[in-house]
Amino acid sequence: MDFGFILGQTLSSLLMPETIAYAIAALGLAVHFGYGGLLNFGQAGFMAIGGYGYAISILSFGFPWWAGILVGMVASVIFALIMGLPALRLRADYLAIATIAVAEVVRLLFQSTIFDNYTNSADGLGNYHTSFREANPFPPGRYGFGPWQWSQDELWNRVFGLVVLALCVLLVWALMRSPWGRVVRGIREDEDAVRSLGKNVFAYKLQVLIVGGMLGTLGGVVMVLGSAVVPGNYLPSLTFYLWTILLLGGAATIFGPLAGSLIFWGLMSFLSVFLPALSTVGVLPFSPAQSGVLRYVFVGLALMLIVIYRPQGIFGSKKELTFNAR
Amino acid sequence: MPADSKPSVAPVKSTGLHVGKVAPGVAKVDPIIIADNVSRAFGGLKAVDVDHLEIPRGAITALIGPNGAGKTTLFNLLTGFDKPDTGTWSFDGSGLAGIPAFKVAKLGQVRTFQLTKSLGMLTVLENMKLGAKGQAGESFWKSLIPAFWRPQENEIEEKAISLLERFKLDAKRDDLAASLSGGQRKLLEMARALMSDPTLVMLDEPMAGVNPALTQSLLDHILGLKESGMTVLFVEHDMHMVRHIADWVVVMAEGRIVAEGSPEEVMNNVAVIDAYLGSHLDTDLGVVTGRIDLKEIQAADAAAKKKGSK
């Protein structure tokens, strides 16, 4: 077994655009669930809006890259309103059902042939990178060291993603320390109590849905910046990976989603090379390809174990334990 | 009667609150709430059916009645937490029909809940601060820039701390509300309601589940609200407490107002004794409210007996 290779793969995954994108989107879920108490099971829908909004504005309308991001954000607000205006009046568990359905509708619309001219249906979208790469401040060359070595474009993707992540962390921190955040956390505890104190609970919930959704959208943009938009990426399982990340790190924390994403992707990459290696040396009774898929089983198992044994996550304090699992 | 259901100082009762003869729905000299024809049915059950009700300003009014009399439902209707099938009602001269709960609270009519709603995972101080009205920092954009809300936040904090001192919760200010005892939560909920400087405080069973040692201080606090110029309307089962602090008592049974008056009058009212104090345990409440005609029942019983004996 080549442990150097396994370690290299694991370390390199810590700075993938996906890792950064998942952290941003999971931070959005932290706003929704950890602070606001909204059970959003449709974060994949917001990410899809980001990815498609960005790619379609560039490919079909010739927008520059930054305008593509803005289009994604505006679309995300509209999507949050469409989802929220009817569904936020529902009780938490019904909201969860509604969000998962709406996110699936979005994915299937993008994947269907109805808007084939724009979405390229099941084949997805690619080759929209020119504009973003032209904005790259790094001159051509190889950057980095050890397992982290990138071309100038790869570096630009990562730096940009990290800047977006930093801004999002700052935004959530600023919001949650303010009286606005206090109202939002109050709503998580008891809507009626906050209502009885003269706060427009519905308006706050809508704002929370929009803010968290925007982070999901930004995550969706960061994820596709250097790669392609693949409709198969936006399955409900994406939402559940984000939930695993959120609960791993701690639902009502600011750095929890970031730590959760690092651990999640580190483990996923580690297992994706380690398990096939095990099967090659004959420890696992599966083919290398089959054993690679086994890692998804571990994700499910991990999610279960966290919820049962450490519901507040790694960073969450036992005091502010929002996930009253028992 | 336990000594602790008395306030520490004998309260000054407000009198001369009503106009004309005392009867259910009697007009008040200075009403703060006027409700007309308010009804709410759950399926076939008419939970609330109030023809006319006025709550006197600047006094402590108790709303009493047996379980299921519709007291809490009426509370929910008056505060916008539930919508009635019919009726209109006004608070301080402005109509409240169709106004959502949060706007009702903004107008100065603040309520507490029968099952205490302290925000468990927020600290006691945060709970208090949440009660303050008109906070700039609670708007999304302004919240991002502390300069907009920091000075106000400091004022609110001072006010919250002085209220907490009054309610003897200041030692707990940094504890999570979830760590408080049931009685302390009741106190916190009341103190939090006061953060908004309400004109009318509506307390839904303030004594329920409160340990006897706290009862007296709660009573003193309720009397204190009146002294500082607020109107209090509360639901309560403890008749001793009602007798001691209420200036006016409204009795409900089966959704209707069956009696009104000063505590002494109401306690001596035959209908109330029948309905609530339970001297006629075997009589159907419907007889007291007039839903069932007793004579008819007796006639029916007699007829049934005749049939049986044949």
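See the structure printed just above.
Now for a look at the structure at hand.

## Details of the overall build of chain A
Here is step 1 of the chain: Scanning chain A for helices and strands turns up 14 helices and two strands.
Here is step 2 of the chain: The principal-axis extent of the C-alpha atoms belonging to chain A is close to 60 × 50 × 35 Å.
Here is step 3 of the chain: Counting over 326 residues, chain A shows a buried share of 55%.
Here is step 4 of the chain: Residue pairs in contact within chain A that sit at least 24 positions apart in sequence constitute 73% of those at least 6 positions apart.
Here is step 5 of the chain: Total accessible area on chain A stands at roughly 13600 Å², and carbon and sulfur atoms take up 69% of it.
Here is step 6 of the chain: Each charge class in chain A was averaged separately, 18 positive and 14 negative side chains, and the resulting centres sit 11 Å apart.

## Some words on unusual backbone geometry
Here is step 1 of the chain: In the Ramachandran plot, A:Asn120 falls in the positive-phi region, its phi being about 60° despite a non-glycine side chain.
Here is step 2 of the chain: For A:Asn120, a relative accessible area of 31% gives the class partly exposed.
Here is step 3 of the chain: At B:Asn37, a position not held by glycine, the phi torsion is positive, near 55°.
Here is step 4 of the chain: Here B:Asn37 lies in strand β1 (residues 31-42).

## Overview of the sheet that holds strand β5 (residues 94-95) of chain B
Residue and element names in this part refer to chain B.
Here is step 1 of the chain: Strand order in the open sheet formed by four strands is β2-β1-β4-β5, with antiparallel pairing between adjacent strands. Each edge of the open sheet carries a strand with a single partner, namely β2 (45-56) and β5.
Here is step 2 of the chain: In terms of strand pairing, β1 meets β2 through 10 bridges, oriented antiparallel. Among the inter-strand pairings, phenylalanine 42 is bridged to a residue of β2, identified as leucine 45.

## Observations concerning the pattern of salt bridges
Here is step 1 of the chain: According to the stated counting rule, one finds 26 salt bridges over all chains in the structure shown.
Here is step 2 of the chain: Put simply, B:Arg256 and B:Asp51 hold a salt bridge, and the shortest N to O gap is 3.0 Å. With B:Arg256 in strand β10 (residues 256-261) and B:Asp51 in strand β2, this pair connects stretches of sequence that are 205 residues apart.
Here is step 3 of the chain: The exposure class assigned to B:Arg256 is partly exposed, which follows from its relative accessible area of 27%.
Here is step 4 of the chain: Across the salt bridge formed by B:Asp204 and B:Arg111, the nearest N and O atoms sit 3.7 Å from each other. Here the residue B:Asp204 occupies a position in strand β7 (residues 200-204), and B:Arg111 occupies one in strand β6 (residues 109-111), the gap between them amounting to 93 residues. Here B:Asp204 matches B:Arg111 in class, with each residue buried.
Here is step 5 of the chain: Among the charged side chains, a salt-bridge network with shared partners connects A:Arg182, B:Lys129, B:Glu153, B:Glu157, B:Arg173 and B:Asp174.

## Focus on the nonpolar core
Here is step 1 of the chain: Formed by 94 residues in total, the largest nonpolar core has its most connected members in A:Tyr22, A:Ile24, A:Tyr54 and A:Tyr234.
Here is step 2 of the chain: Among the elements that make up this core, the one with the highest residue count is helix α11 (residues 201-224) of chain A (14 residues).
Here is step 3 of the chain: Residue contacts for A:Tyr22: discarding those within four places in its chain leaves A:Met223, A:Leu238, A:Tyr241, A:Leu242, A:Ile245, A:Ser261, A:Phe264 and A:Trp265.
Here is step 4 of the chain: B:Ile60, B:Leu187, B:Leu214 and B:Ala253 belong to the second largest nonpolar core, which has 48 residues in total.

## Focus on the packing of helix α4 (residues 65-87) of chain A against α11(A)
All names here are of chain A.
Here is step 1 of the chain: One can describe the packing of α4 onto α11 by two numbers: an axis separation of 8 Å at closest approach and a directional angle of 140°. Considered as vectors, α4 and α11 are oriented oblique to each other. The way α4 lies across α11 gives a crossing that is right-handed. Every residue of α11 that contacts α4 at Ile69, Gly72, Met73, Ser76, Val77, Ala80, Leu81, Met83, Gly84 and Leu85 is listed here: Phe202, Leu206, Leu209, Ile210, Gly213, Met214, Thr217, Leu218 and Val221.
Here is step 2 of the chain: Looking at the contact of α4 with α11, its residues break down into 14 nonpolar, five polar and no charged.

What counts as what
- Residues numbered from 1 in each chain as written.
- Chains lettered and ligands numbered in written order.
- Predicted model: local features only at pLDDT ≥ 70, side-chain atom pairs only at ≥ 80, totals over all residues.
- Heavy atoms only, no water.
- Helix = DSSP H or I, 4+ residues; strand = E, 2+ residues; numbered from the N terminus.
- Buried < 20%, exposed > 50% of the residue type's maximum accessible area, 1.4 Å probe, protein only.
- Contact = heavy atoms within 4.5 Å.
- Areas by Shrake-Rupley, 256 points an atom, 1.4 Å probe, with all protein chains shown as cover.
- Lys, Arg positive; Asp, Glu negative; His and termini not counted.
- Charge placed at Lys NZ, Arg CZ, Asp CG, Glu CD.
- Pairing = 2+ DSSP bridges.
- Salt bridge = Lys/Arg side-chain N within 4 Å of Asp/Glu carboxyl O.
- Core = buried A, V, L, I, M, F, W, Y, C linked by side-chain atoms within 4.5 Å.
- Axes fitted to C-alpha atoms, helices over the stretch in contact; angles between N-to-C directions.
- Parallel < 35°, antiparallel > 145°, perpendicular 65-115°, else oblique.
- Left-handed = near helix turned anticlockwise from the far one by under 90°.
- Nonpolar A, V, L, I, M, F, W, Y, C, P; charged D, E, K, R; others polar.

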